[in-house]
Amino acid sequence: MNVFLCTHVIYSFKNVMDENGQINPTQLRNSDVVNLHILKLRNPKLKVLLGYNIESKTFSKMVATDKKRKVFASNAVRAMNADIRGTGIKVFDGLEIIWLYPGYRGSPPSDKKRFTDFMLELRTRLGSNYILSAQISATPHRIAAAYQIKKLNLILDFMNIITYDYSGTWDQMLGHHASYKKLTMSVNYLVTQGLSRDKMVIGLPLFGRTFTRQTGSGVNVGEPIRGPGRKGTHLGITGVLAYFEICDLMRDKKNGLHKMNDHGNPILFYEDQWIGYDNITSLTRKVRYVQAENLGGVYVWKSTFDDIYGQYCGRGKYPALKHISESCKIT
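Residues numbered from 1 in each chain as written. Predicted model: local features only at pLDDT ≥ 70, side-chain atom pairs only at ≥ 80, totals over all residues. Heavy atoms only, no water.

Bringing the pattern of salt bridges into the picture now. Inspection of the entire model under this criterion finds 14 salt bridges. The salt bridge partner of aspartate 111 is arginine 114, with a shortest N-O separation of 3.2 Å. Here arginine 114 and aspartate 111 lie together in helix H4 (residues 111-126), a separation of three residues that amounts to about one turn. For arginine 114, a relative accessible area of 24% translates into the label partly exposed. Between arginine 123 and aspartate 157 there is a salt bridge, with the nearest N and O atoms lying 2.6 Å from each other. (Salt bridge = Lys/Arg side-chain N within 4 Å of Asp/Glu carboxyl O. Helix = DSSP H or I, 4+ residues; strand = E, 2+ residues; numbered from the N terminus. Buried < 20%, exposed > 50% of the residue type's maximum accessible area, 1.4 Å probe, protein only.)

Written out as structure tokens, the structure reads:
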């Protein structure tokens, strides 16, 4: 990985802790930590965060009481401070909390306040020398139900906003999952809720959401669907194509691929397949918006979805990430 293409790396994994806040040691691999340390040696300015991505129902149990919050926070900070094989060399510069979402998926409404309480516990233990961030929803109704934005604004260094997955097969119709208009609406709403602009980091998806259209239906947003799109040739996930898989699809001249644009949001379709994604042009537009609005920055989900070996897009290695980095003028 070209470590000069970004300022922060989040080493994120799922279900590293159980509902009692105890760490599963098999998840935090020493080899990964060593590799992260090597990245920091190559770029001493690089910040590496340890990300906790835990299913909502389990997260809810882990923060249900003050005692459990303290145990969870203590274990999270201890794992972050772990050195490499007893060498005294520490890798992580902070923590990222990914709870999707307080008040949803088995989590009660009272978790809205408990989430704030937990983040405050983490901040108290981390102090001001370590970074504390959270990944949060971009959807206004979910933001209102899940987060005390004004209080979190005082606790967190920044928030990574999930400005993608606005649409999907769950809507039972065609929709662009990374709509530029919806992104701007999310930003405006978060500002009204008290989130500082410089703490707002906008998510750029390096993947497309795909659909299978109903027989006889059109290709415009809002048309009915039969389900998710076909699996890609590499990830093998229904309904999702990585950026490099989309490049690969576009190289195939035999599939009758068509391009269209919905208010600046690029779309591909062929046969009964429909793909909403971001290309270089739409990614640039979003970066320019972030700069114009004086927001904190952008992040990508995720770097491995780029054309990391330069095999598919004809633009060398990491074409999307490199273009985003250059647009942000990271030096």
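This brings us to the packing of helix H3 (residues 66-80) against H4. Their axes nearest at 9 Å, the elements H3 and H4 cross at an angle of 45 degrees. What the angle tells us is that H3 and H4 run oblique. The interaxial crossing formed by H3 with H4 has right-handed handedness. Where H3 abuts H4, its residues Arg69, Lys70, Phe72, Ala73, Ser74, Ala76, Val77 and Met80 lie against Arg114, Asp117, Phe118, Glu121, Leu122, Arg125 and Leu126. (Axes fitted to C-alpha atoms, helices over the stretch in contact; angles between N-to-C directions. Parallel < 35°, antiparallel > 145°, perpendicular 65-115°, else oblique. Left-handed = near helix turned anticlockwise from the far one by under 90°. Contact = heavy atoms within 4.5 Å.)

This part takes up the packing of aromatic side chains. Enumeration over the complete set of coordinates arrives at 15 aromatic pairs. With centroids separated by 4.4 Å and ring planes inclined at 5 degrees, the aromatic side chains of phenylalanine 59 and tryptophan 99 adopt a geometry described as stacked. On the criterion of sequence distance, the pair formed by phenylalanine 59 in helix H2 (residues 56-62) and tryptophan 99 in the loop between strand S3 (94-98) and H4 is long-range, its members being 40 residues apart. The class of phenylalanine 59 is buried, set by a relative accessible area of 0%. In textbook terms, an aromatic cluster arises when at least three aromatic residues are bridged by ring pairs, as seen for Tyr52, Phe59, Phe72, Trp99, Phe115, Phe118 and Tyr147. Over the aromatic face of tyrosine 104 sits the side chain of arginine 142, whose NZ or CZ is 5.0 Å from the ring centroid. Across the ring face of tyrosine 180, the terminal group of arginine 285 is positioned such that the distance to the ring centre comes to 3.6 Å. (Phe/Tyr/Trp six-rings, centres within 6.5 Å; stacked < 30°, edge-to-face > 60°. Lys NZ or Arg CZ within 6 Å of the ring centre and 35° of its normal.)

Our focus in this paragraph is the environment of phenylalanine 244. Within the secondary structure layout, phenylalanine 244 lies in helix H8 (residues 243-251). A sequence separation of 63 residues divides phenylalanine 244 from aspartate 307, and the C-alpha atoms of the two residues are 4.8 Å apart. Excluding anything up to four places from it in sequence, phenylalanine 244 contacts His234, Thr304, Phe305, Asp306, Asp307, Tyr312 and Cys313.

Another aspect to go through is the state of the cysteines. This structure, assessed with the given rule, holds one disulfide. The disulfide bridge from cysteine 247 ends at cysteine 313, spanning 2.0 Å between sulfur atoms. Handedness of the cysteine 247-cysteine 313 disulfide follows from its S-S torsion of about 95 degrees: it is right-handed. Of this pair, cysteine 247 sits in helix H8 while cysteine 313 sits in the loop between strand S13 (297-301) and helix H10 (319-328), placing them 66 residues apart in sequence. For the pair formed by cysteine 247 and cysteine 313, the shared burial category is buried. In this structure cysteine 6 is not part of a disulfide, and its nearest cysteine sulfur, from cysteine 328, lies 11 Å away. Classification of cysteine 6 by relative accessible area gives buried; the value is 14%. Residue classification places cysteine 328 among the partly exposed positions, given a relative accessible area of 27%. (Disulfide = S-S within 2.5 Å.)

By size, the foremost hydrophobic cluster in this structure holds 86 residues, and its most contacted members are Leu95, Phe118, Met119, Leu122, Tyr147 and Ile161. Ranked by the residues each element gives to this core, the list is headed by H3, at six residues. Apart from residues lying up to four places away in sequence, tyrosine 147 is in contact with Trp99, Tyr101, Pro102, Lys112, Phe115, Gln135, Ile136, Ser137, Arg142 and Leu152. (Core = buried A, V, L, I, M, F, W, Y, C linked by side-chain atoms within 4.5 Å.)

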